[in-house]
Amino acid sequence: MRSPSEPEIADFSVRDEVESCLALARSTQALVAAGDRLAAARAAVELVKAYDRVLENIRLVPLSLLEQQRVRDRLTPVAELLRKYRLR
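Residues numbered from 1 in each chain as written. Predicted model: local features only at pLDDT ≥ 70, side-chain atom pairs only at ≥ 80, totals over all residues. Heavy atoms only, no water.

(A) Representation of the nonpolar core. Judged by nonpolar contacts, the single largest core of 20 residues is most densely connected at Cys21, Tyr51, Val71, Leu75 and Val78. For this core, the secondary-structure elements that each account for two or more residues are helix H1 (12–34), helix H2 (37–60) and helix H4 (76–84). When residues of this core are assigned to their parent elements, the largest contribution, 7 residues, is made by H2. The residues touching Cys21, leaving out its near neighbours within four places in the chain, are Leu47, Ala50, Tyr51, Val54, Leu75 and Val78. (Core = buried A, V, L, I, M, F, W, Y, C linked by side-chain atoms within 4.5 Å. Buried < 20%, exposed > 50% of the residue type's maximum accessible area, 1.4 Å probe, protein only. Helix = DSSP H or I, 4+ residues; strand = E, 2+ residues; numbered from the N terminus. Contact = heavy atoms within 4.5 Å.)

Written out as structure tokens, the structure is:
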């Protein structure tokens, strides 16, 4: 969840995709913690797709360099999770 002091991402479609990606990362972690390996694997595949989609969109949508960095900063927990599970 975004802290009140954290600047907002201006483009609403990118912002929504970032939030969806973060939510998917949380649900993937919950499935892993619950020991549901099959569901966690499926969720991880969807997480990779969502993460890649966000990264592609920040290249396509005219965002300032500062906004692009904000998106990457917001996705840090997702990137760390993907590295942890050796998906990226």
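(B) Fine view of the pattern of salt bridges. For the structure on display, the rule yields 3 salt bridges. Arg74 is the partner of Glu19 in a salt bridge, and the nearest nitrogen-oxygen pair spans 2.4 Å. Taken together, the residues span a long stretch of sequence, with Glu19 in helix H1 and Arg74 in helix H3 (residues 65–74) at a distance of 55 residues. With relative accessibility at 11%, the residue Arg74 sits in the buried group. (Salt bridge = Lys/Arg side-chain N within 4 Å of Asp/Glu carboxyl O.)

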